[in-house]
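Each chain is listed here by its residues.
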Amino acid sequence: MAAKTFPKPAKPHSHKKIVKKIMADPDYAKFIHGQVRKARKGDAAAAAMVEAHFKPQRAELLALNRSAAGPGCNRTNPTTLMLLDFAEHV
C-alpha cells in the first residue's frame with residue numbers, strides 16, 4: 001500500500017492547528033514526522049515541505065519562550081522542528 005500524500009496547504013498551519021491535525025490523523029502524523037526526520041538530516045526538499053505545512057505564530061513562540069526571529073523552519077533552525085516532536089508520536 002502506498003503512503004498517503006499530503007499536498008501543501010494554502011498557508012502553513014499554526015502550532016495549535018498542526019498539533020490538532022497530528023492528533024486527529026495518524027497518517028498525517030507519520031507523514032510530517034518523516035519529513036522532519038529527513039529535514040534534520042539535511043534534506044532541503046523535506047525542510048521546505050515542513051515549512052510549507054508549519055509556521056508557528058509569533059504569539060505561540062513567545063508563549064513557549066522562543067524567539068520569533070531567525071531563519072525559517074529548516075535544518076539550520078531546529079527550534080521550530082522541535083515544536084513538532086512531542087506530538088508526532090502520539
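Keep in mind the model is a prediction, meaning the values are calculated, not measured.

Reading guide: rules and limits
- Residues numbered from 1 in each chain as written.
- Predicted model: local features only at pLDDT ≥ 70, side-chain atom pairs only at ≥ 80, totals over all residues.
- Heavy atoms only, no water.
- Helix = DSSP H or I, 4+ residues; strand = E, 2+ residues; numbered from the N terminus.
- Buried < 20%, exposed > 50% of the residue type's maximum accessible area, 1.4 Å probe, protein only.
- Contact = heavy atoms within 4.5 Å.
- Axes fitted to C-alpha atoms, helices over the stretch in contact; angles between N-to-C directions.
- Parallel < 35°, antiparallel > 145°, perpendicular 65-115°, else oblique.
- Left-handed = near helix turned anticlockwise from the far one by under 90°.
- Nonpolar A, V, L, I, M, F, W, Y, C, P; charged D, E, K, R; others polar.
- Core = buried A, V, L, I, M, F, W, Y, C linked by side-chain atoms within 4.5 Å.
- Expected span 1.5 Å × (residues − 1).
- Polar contact = N/O pair within 3.5 Å; in protein donor to acceptor, adjacent residues only side chain to side chain.
- Phe/Tyr/Trp six-rings, centres within 6.5 Å; stacked < 30°, edge-to-face > 60°.
- Lys NZ or Arg CZ within 6 Å of the ring centre and 35° of its normal.

Asks: Report on the overall build of the protein chain, specifying residues and quantitative values.
Replies: The secondary structure content of the protein chain amounts to five helices and zero strands. Written out in order from the N terminus, the α and β elements of the protein chain read α-α-α-α-α. When burial is assessed residue by residue, the protein chain has 37% of its 90 residues classed as buried. Considering only contacts within the protein chain whose residues lie at least 6 apart along the sequence, 62% involve residues at least 24 apart.

Asks: I'd like a description of the packing of helix H2 (residues 26–40) against helix H3 (residues 44–53), backed by residues and values.
Replies: The N-to-C vectors of H2 and H3 enclose an angle of 135°; their axes lie 7 Å apart at closest approach. One way to sum up the angle between H2 and H3 is to call them oblique. Here H2 and H3 pass one another in a crossing that is left-handed. Residue-level contacts link Tyr28, Phe31, Ile32, Gln35, Val36, Lys38 and Ala39 of H2 to Ala46, Ala47, Met49, Val50 and His53 of H3. For the contact of H2 with H3, a count of residues per class yields nine nonpolar, two polar and one charged.

Asks: Tell me about the nonpolar core, and name the residues and values.
Replies: Phe6, Ile18, Val19, Ile22, Tyr28, Ala29, Phe31, Ile32, Val36, Val50 and Phe54 together form the largest nonpolar core, which totals 11 residues. Mapped by element, the contributors of at least two residues to this core are helix H1 (15–24) and H2. Ranked by residues supplied to this core, first place goes to H2 with five residues.

Asks: Kindly report on H2, identifying the contributing residues and their values.
Replies: Look at H2: 21 Å from first C-alpha to last across 15 residues, which is about the 21 Å you get at 1.5 Å a residue. Backbone nitrogen of Asp27 and a side-chain oxygen of the N-cap are separated by 3.0 Å at the start of H2; the cap is Asp25.

Asks: I'd like a rundown of the packing of aromatic side chains, residues and numbers included.
Replies: Following the criterion strictly, the structure yields three aromatic pairs and no others. With a centroid separation of 5.1 Å and an interplanar angle of 85°, the aromatic rings of Phe6 and Tyr28 are classed as edge-to-face. On the criterion of sequence distance, the pair formed by Phe6 in the segment before H1 and Tyr28 in helix H2 is long-range, its members being 22 residues apart. Look at Tyr28 and you get buried, because its relative accessible area is 0%. With a centroid separation of 5.9 Å and 45° between ring planes, the pair formed by Tyr28 and Phe31 is classed as tilted. Of the two residues, Tyr28 and Phe31 are both situated in helix H2; the distance of three residues between them amounts to about one turn of the helix. Taking the ring centre of Tyr28 as reference, the NZ or CZ of Lys21 above it sits at 4.8 Å.

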